[in-house]
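Residues per chain are reported as follows:
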Amino acid sequence: MTAATLEAPAQPQAPPQQGRQQFDVATIMGGLYGDGIIGHKGAFSREWVAQLHEDVNALFEDALKRPGGAVGRGPKRYYVEIHPEGIRGFVDLVTHPWVIAVCEAVLGPEYKVVEIGFDVPGPGAMNQPWHRDFPSPEETLVGRRLNSLAFNVTCVDVFEDMGPFEIAPGTQWDAPEDFQHGMFPPKSLYPRYEERVQQKMPKMGDISVRSALTIHRGTTNRSDKSRPVLVLGVDAPDARNAERHDLQFTREYYDRLPEDLKRHLTCRVVDKLEPIVQAHTIEGLVMGEA
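The present account deals with the structure reproduced in this document. Just so we're clear, the structure is a prediction, and the values are computed from it rather than from any experiment.

1. Structural notes on the nonpolar core
Side chains that are nonpolar tend, in soluble globular proteins, to be buried together.
Moving on, step 1. Of all hydrophobic cores here, the largest spans 54 residues; its most connected members are Phe90, Phe151 and Leu230.
Moving on, step 2. Ranked by the residues each element gives to this core, the list is headed by helix α5 (residues 97-107), at 9 residues.
Moving on, step 3. Grouped together as the second largest cluster of nonpolar side chains are 6 residues, Trp130, Ala168, Tyr193 and Ile215 included.

2. Considerations on the sheet that holds strand β6 (residues 165-167)
Moving on, step 1. The antiparallel open sheet is built from 3 strands, whose spatial order is β7-β6-β9. Whereas interior strands pair on both sides, the edge strands pair on one side only; in this sheet they are β7 (198-200) and β9 (216-218). Each strand axis lies, on average, 20° off the axis of its neighbour in the sheet, ignoring direction.

3. A look at the side chain of Arg132
Moving on, step 1. Along the chain, the position of Arg132 falls in the loop between β4 (112-121) and α6 (138-141).
Moving on, step 2. No salt bridge is formed by the buried Arg132, whose closest oppositely charged neighbour, Asp174, lies at an N-O distance of 5.4 Å.
Moving on, step 3. Among the polar contacts listed, one links the side chain of Arg132 to the backbone oxygen of Asp174, at a separation of 2.7 Å.
Moving on, step 4. Polar side-chain contacts of Arg132 include one of 2.7 Å to the backbone oxygen of Leu213.
Moving on, step 5. Beyond its immediate chain neighbours, meaning those up to four positions away, Arg132 contacts Thr171, Gln172, Trp173, Asp174, Pro176, Phe179, Gly182, Met183, Ala212, Leu213, Ile215 and His216.

4. Focus: helix α3 (residues 46-65)
Moving on, step 1. Between its terminal C-alpha atoms α3 stretches 29 Å, which fits the 28 Å expected from 20 residues at 1.5 Å a residue.
Moving on, step 2. When α3 is considered as a whole, its buried residues turn out to be Trp48, Val49, Leu52, Asp55, Val56, Leu59, Phe60, Asp62 and Ala63. Angularly, the buried residues of α3 cover 165° about the axis, an arc narrow enough to put them on a single face. In α3, those exposed residues whose orientation departs by more than 90 degrees from the buried face are Glu47, Glu54 and Lys65.

5. What to know about the packing of helix α2 (residues 25-33) against α5
Moving on, step 1. Look at α2 against α5: their axes get within 9 Å of each other, and the N-to-C directions meet at 70°. Put simply, α2 runs roughly perpendicular to α5. At the point where α2 passes α5, the crossing takes the right-handed sense. On α5, the residues that touch Val25, Ile28, Met29, Leu32 and Tyr33 of α2 are Ala101, Val102, Ala105 and Val106.
Moving on, step 2. Considering only residue class, the contact of α2 with α5 consists of 9 nonpolar, no polar and no charged.

6. Observations concerning the sheet that holds strand β1 (residues 37-40)
Moving on, step 1. Taken in spatial order, the 7 strands line up as β1-β8-β5-β10-β4-β3-β2 in an open sheet, and their pairing is antiparallel. The open sheet is flanked by β1 and β2 (71-72), the only strands paired with a single partner.

7. Structural notes on the packing of aromatic side chains
Moving on, step 1. All told, the structure shown has 10 aromatic pairs when counted by the stated rule.
Moving on, step 2. Ring plane angle 85° and centroid distance 6.1 Å describe the contact between Trp98 and Phe151, whose orientation is recorded as edge-to-face. Taken as a pair, Trp98 in helix α5 and Phe151 in strand β5 (residues 148-154) lie far apart in primary sequence, 53 residues in all. With respect to burial, Trp98 and Phe151 carry one shared label: buried.
Moving on, step 3. Every member of this aromatic cluster is reached through a ring pair, and the members are Phe90, Phe249, Tyr253 and Tyr254.
Moving on, step 4. A cation sits over an aromatic face here: Arg73 above Tyr79, 4.4 Å from the ring centre.

8. Structural notes on the layout of surface pockets
Moving on, step 1. The volume enclosed by the largest pocket comes to roughly 920 Å³.
Moving on, step 2. Taken together, 50 residues form the lining of the largest pocket, with Asp133, Ala150, Asn152, Phe165 and Arg210 sitting closest to its centre.
Moving on, step 3. Put simply, the parts of the chain that give the lining of the largest pocket at least two residues each are β1, β3 (77-81), β4, β5, β8 (207-210), β9 and β10 (229-235).
Moving on, step 4. Per-element tally for the lining of the largest pocket: the top contributor is β10, with 6 residues.
Moving on, step 5. When its residues are assigned to classes, the lining of the largest pocket shows 21 nonpolar, 15 polar and 14 charged.

9. Observations regarding unusual backbone geometry
Moving on, step 1. Residue Asp178 is not a glycine yet carries a positive backbone phi of 65°.
Moving on, step 2. Assignment of secondary structure puts Asp178 in the loop between β6 and α7 (190-196).
Moving on, step 3. The class for Asp178 is exposed, based on a relative accessible area of 69%.

About the thresholds
Residues numbered from 1 in each chain as written. Predicted model: local features only at pLDDT ≥ 70, side-chain atom pairs only at ≥ 80, totals over all residues. Heavy atoms only, no water. Core = buried A, V, L, I, M, F, W, Y, C linked by side-chain atoms within 4.5 Å. Buried < 20%, exposed > 50% of the residue type's maximum accessible area, 1.4 Å probe, protein only. Helix = DSSP H or I, 4+ residues; strand = E, 2+ residues; numbered from the N terminus. Pairing = 2+ DSSP bridges. Axes fitted to C-alpha atoms, helices over the stretch in contact; angles between N-to-C directions. Lys, Arg positive; Asp, Glu negative; His and termini not counted. Salt bridge = Lys/Arg side-chain N within 4 Å of Asp/Glu carboxyl O. Polar contact = N/O pair within 3.5 Å; in protein donor to acceptor, adjacent residues only side chain to side chain. Contact = heavy atoms within 4.5 Å. Expected span 1.5 Å × (residues − 1). Arc of directions from axis to C-beta. Parallel < 35°, antiparallel > 145°, perpendicular 65-115°, else oblique. Left-handed = near helix turned anticlockwise from the far one by under 90°. Nonpolar A, V, L, I, M, F, W, Y, C, P; charged D, E, K, R; others polar. Phe/Tyr/Trp six-rings, centres within 6.5 Å; stacked < 30°, edge-to-face > 60°. Lys NZ or Arg CZ within 6 Å of the ring centre and 35° of its normal. 1 Å grid on protein atoms, 1.4 Å probe; cavity = no way out; pocket = protein on both sides within 12 Å on 5 of 7 lines; lining within 4 Å. Points joined across faces, edges and corners; volume = space filled by probe spheres on them.

This is how it looks when you write it as structure tokens:
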């Protein structure tokens, strides 16, 4: 853990001075129910992101030393679930007006933050198989409603040789016929995804949000740089993704959080943070393709 996590929890920061009423609900819902991904450029300063990158690097180094601290998602590619107070910008992120506006528009006023972590595709990371992050729930398959979202914040400027994230727009609604584990489509469907693929190359300060059901993959990192990205998972009240995660806060840190934020957290409040053992290895991702 970082010193900020164990010894002196980072002070929650004030939310950006920017009203969420400026963001159009129809545009947000149209993007997420249509393509399955939208973004907000320049949400944070490059200085804020540089600080986030420092914290992520320290947490990643610590996670690699602990059994179960990081889960493989393909060669040279890892995911680490973290404690929110291990990064100095947690409150800035979850109280950003655009983040709140998106959560309220798609998930409703009682949305819940259930996960925070980061992906690190390092040099030499290979193409992942096309996939969803978890099986599509009945609310989406039958009810045609999205009840969870994944926000991403890149820690670096992304360029073409760094293994950019790719997504196949509109595929959050695809029926999972012959999907392995409900997440991995057969290779016979790959041409469909490659016909519509969008490659994402965000810059420091940008935020994106997507349905984790939209078919996507990480690509080959041919550079000598890692491409760490922060992940924030948010659920509607009827979603159950919190069961796969363990959001924890120390009492000291939790008591200083804004009251309006506390009602949006599905978490445990503890005297001392417990190490998180990664419990959601995604089967097919450990077999990234050369």
